[in-house]
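Letter by letter, the chains look like this.
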Amino acid sequence: MALDSDNVLNVLVNYLKANTSTMATSLTSSDQIGLVDTGDIDNVPTQIGQYPALIVNLTNEIERFAQLGQRNNHHELVFSIWPLIYFTDRKQAQKDMRKLVQNVKTVLKNNITLSSTAMSSLPEEVSYLEPGGTFNAGARILFRTRHIST
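Procedures and definitions
- Residues numbered from 1 in each chain as written.
- Predicted model: local features only at pLDDT ≥ 70, side-chain atom pairs only at ≥ 80, totals over all residues.
- Heavy atoms only, no water.
- Helix = DSSP H or I, 4+ residues; strand = E, 2+ residues; numbered from the N terminus.
- Rg over C-alpha atoms; globule rule 2.2 N^0.38 Å.
- Pairing = 2+ DSSP bridges.
- Axes fitted to C-alpha atoms, helices over the stretch in contact; angles between N-to-C directions.
- Buried < 20%, exposed > 50% of the residue type's maximum accessible area, 1.4 Å probe, protein only.

Before going further, it helps to spend a moment on the overall build of the protein. Secondary structure summary: the protein contains three helices and five strands in total. Element order for the protein, N to C, with α for helix and β for strand: α-α-β-β-β-α-β-β. A globule of 150 residues ought to have a C-alpha radius of gyration of about 15 Å, and the protein, at 16 Å, matches this closely. Once the C-alpha set of the protein is aligned to its principal axes, its extents read approximately 55 × 25 × 20 Å.

Next comes the structure, spelled out in structure tokens:
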């Protein structure tokens, strides 16, 4: 059976939604995450009151055939997780962004099997963004999951 990538995306988003208070710990711009949603950061409308926000986008799927007959195929799903902060103090927004990224990575590392939907998962890379749009600080967390389908 082919890997249900939508299910993995939903599990990831629901797990992040269940841990918003943990991810907001020690932020000065807000005491809660206002939005966790799927899509591209350029196309997900985010109101000022919804920041800090996390936008999750499935960006790549890689499948390797392990044996003939399409059994035990190896899948990798690559997600971009976009933490976004809007705060009037730009320097503080950037400091909060680094803390939010740290908190998101910690939450993801605490559930490396994504509630038993993955063999493993890991936030692999972080790119900090220059402010654009309405947010003052942003980052892109490259998150990779590994699966086997039968």
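It is worth spelling out the sheet that holds strand S5 (residues 137–149) at this point. Taken together, the five strands give an open sheet; going across it, the order is S1-S2-S3-S5-S4, and neighbouring strands pair in mixed fashion. Looking at the sheet topology across the chains shown, the edges are occupied by strand S1 (35–38) and strand S4 (120–129). Across this sheet, the average inter-strand angle for adjacent strands is 20°, counted without regard to direction.

This part is about unusual backbone geometry. Residue tyrosine 51 is joined to proline 52 through a cis peptide bond whose omega torsion reads -5°. Assignment of secondary structure puts proline 52 in the loop between S1 and strand S2 (53–64). If you check the backbone angles, serine 115 has positive phi at about 55° while not being a glycine. The class for serine 115 is partly exposed, based on a relative accessible area of 48%.

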